[in-house]
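Residue strings, one per chain:
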Amino acid sequence: QVQLVESGGGLVQPGGSLRLSCVVSGFTLDDYTIGWFRQAPGMQREGVSRISILDCSTHYADSVKGRFTLSRDDAKNTVYLQMNSLKPEDTAVYYCALGLVKNEWLYWGQGTQVTVSS
């Protein structure tokens, strides 16, 4: 019943911006964490950022710090990843995941493609 759906990916030029969305359904507890991950072809999956739905505390990977920003909507069922100053190395499939304990991700979305290219 728990479902995560990502959207908002696309093709942008270097220096451009995208906003990804992660919509969570079927999960009633309001104290959980949404994490964003990305995986490029031939590369390992890496953690990008995470946000606590309860208190909005956030963490960012060094590679995206200062460029990406997390937020959530008032209903606490959608998390946004605002991506600015995009670089070609940001190109990847981006996934959101839901977890209750740090580094234990219980549910995953299907991913959305982000391509940064001139």
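Our subject is the structure listed above.
Residues numbered from 1 in each chain as written. Predicted model: local features only at pLDDT ≥ 70, side-chain atom pairs only at ≥ 80, totals over all residues. Heavy atoms only, no water.

1. A word on the overall build of the protein
Inference 1: Within the protein one finds zero helices and 11 strands.
Inference 2: The order of α-helices and β-strands along the protein, N terminus first, is β-β-β-β-β-β-β-β-β-β-β.
Inference 3: Compactness check: the protein gives a C-alpha radius of gyration of 13 Å against a globular reference of 13 Å for 118 residues, within 12% of the reference.
Inference 4: With respect to the principal axes defined by its C-alpha atoms, the protein has extents near 40 × 25 × 20 Å.
Inference 5: Long-range pairs, those at least 24 residues apart, make up 51% of the contacts in the protein with a sequence separation of at least 6.
Inference 6: Carbon together with sulfur atoms contributes 46% to the accessible area of the protein, which is approximately 6,400 Å² in total.
Inference 7: Side chains of the protein carry 10 positive and 11 negative charges; the gap between the two charge centres is 4 Å. (Helix = DSSP H or I, 4+ residues; strand = E, 2+ residues; numbered from the N terminus. Rg over C-alpha atoms; globule rule 2.2 N^0.38 Å. Contact = heavy atoms within 4.5 Å. Areas by Shrake-Rupley, 256 points an atom, 1.4 Å probe, with all protein chains shown as cover. Lys, Arg positive; Asp, Glu negative; His and termini not counted. Charge placed at Lys NZ, Arg CZ, Asp CG, Glu CD.)

2. Examining the state of the cysteines
Inference 1: Counted according to the given criterion, the structure contains one disulfide.
Inference 2: Covalent S-S linkage joins Cys-22 and Cys-96, the inter-sulfur distance amounting to 2.1 Å. Around the S-S axis, the bridge from Cys-22 to Cys-96 shows a dihedral of about 75° and counts as right-handed. With a gap of 74 residues between them, Cys-22 in strand β3 (residues 18-25) and Cys-96 in strand β9 (residues 92-101) connect regions that are remote in the sequence.
Inference 3: Of the cysteine sulfurs around Cys-56, a residue in no disulfide, the closest is that of Cys-22, at 14 Å. (Disulfide = S-S within 2.5 Å.)

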